[in-house]
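Residue strings, one per chain:
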Amino acid sequence: MCATTNKNEFMQEAIRLSIENVTSGKGGPFGAVIVKDGKIIARGANQVTSSNDPTAHAEVVAIRNACKELGSFQLDGCEIYTSCEPCPMCLGAIYWARPDRMYFANTKKDAADIQFDDQFIYEELEIPYTNRKLETIPLMREEALEAFRLWTESINKIEY
């Protein structure tokens, strides 16, 4: 079987999860799979409304499942297949998880066309925090710097 066929099968599984999620009423139309060594090691579907967790997007669920499966906080040697171009939160999570590559099907414009529009978040990220729509107020920075000082000095830390 050629690599393109495998890629298509992995994406088809992410798409199947997104469709099943809608028909089951468990959440939004998003699915994701994580692949390592040519095998799916984790799946995720959007669980925002069924779990009352705004962070339970398909990609985040799949990353959590894959990290648990691997016993690691990084997805070295993995690929993620997602039924839609990730939102800013998921894209950040994907970068932090460090897979080798990502494939997506629907675009963020496709998502915006059905009222899943994250453009305002992309725009907010570019604005100084003092001008964002969400009132953002610095508080107790000097006290909080102690954790950073301790981290810097720690010989037991696991860097990531």
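See above for the structure.
Residues numbered from 1 in each chain as written. Predicted model: local features only at pLDDT ≥ 70, side-chain atom pairs only at ≥ 80, totals over all residues. Heavy atoms only, no water.

J.: Give me the lowdown on the sheet that holds strand β2 (residues 39-45), citing residues and values where you can.
T.: What the four strands build is an open sheet, ordered β2-β1-β3-β4; its pairing is mixed. Each end of this open sheet is capped by a strand with a single partner; those strands are β2 and β4 (101-106). Ignoring which end each strand starts from, the neighbouring axes of this sheet average 15° apart. The sheet contact formed by strand β3 (residues 78-84) and β4 spans five bridges and is parallel. Among the inter-strand pairings, I80 is bridged to a residue of β4, identified as M102. Those strands touched by helix α3 (residues 58-70) are β1 (31-36), β2 and β3, and its axis lies near 140° from that of β2. (Pairing = 2+ DSSP bridges. Helix = DSSP H or I, 4+ residues; strand = E, 2+ residues; numbered from the N terminus. Axes fitted to C-alpha atoms, helices over the stretch in contact; angles between N-to-C directions. Contact = heavy atoms within 4.5 Å.)

J.: Give me the lowdown on a nonpolar patch on the surface, citing residues and values where you can.
T.: A contiguous nonpolar surface patch, about 650 Å² in accessible area, is contributed by F73, W96, W151, I158 and Y160. Looking at the element boundaries, I158 is found in the segment after α7 (141-153). Overall, I158 belongs to the exposed group, its relative accessible area being 59%. (Patch = residues over 30% accessible without salt bridge, like charges linked within 9 Å, V, L, I, M, F, W, Y side chains within 5 Å. Areas by Shrake-Rupley, 256 points an atom, 1.4 Å probe, with all protein chains shown as cover. Salt bridge = Lys/Arg side-chain N within 4 Å of Asp/Glu carboxyl O. Buried < 20%, exposed > 50% of the residue type's maximum accessible area, 1.4 Å probe, protein only.)

Function-wise, these values are silent; they only describe arrangement.
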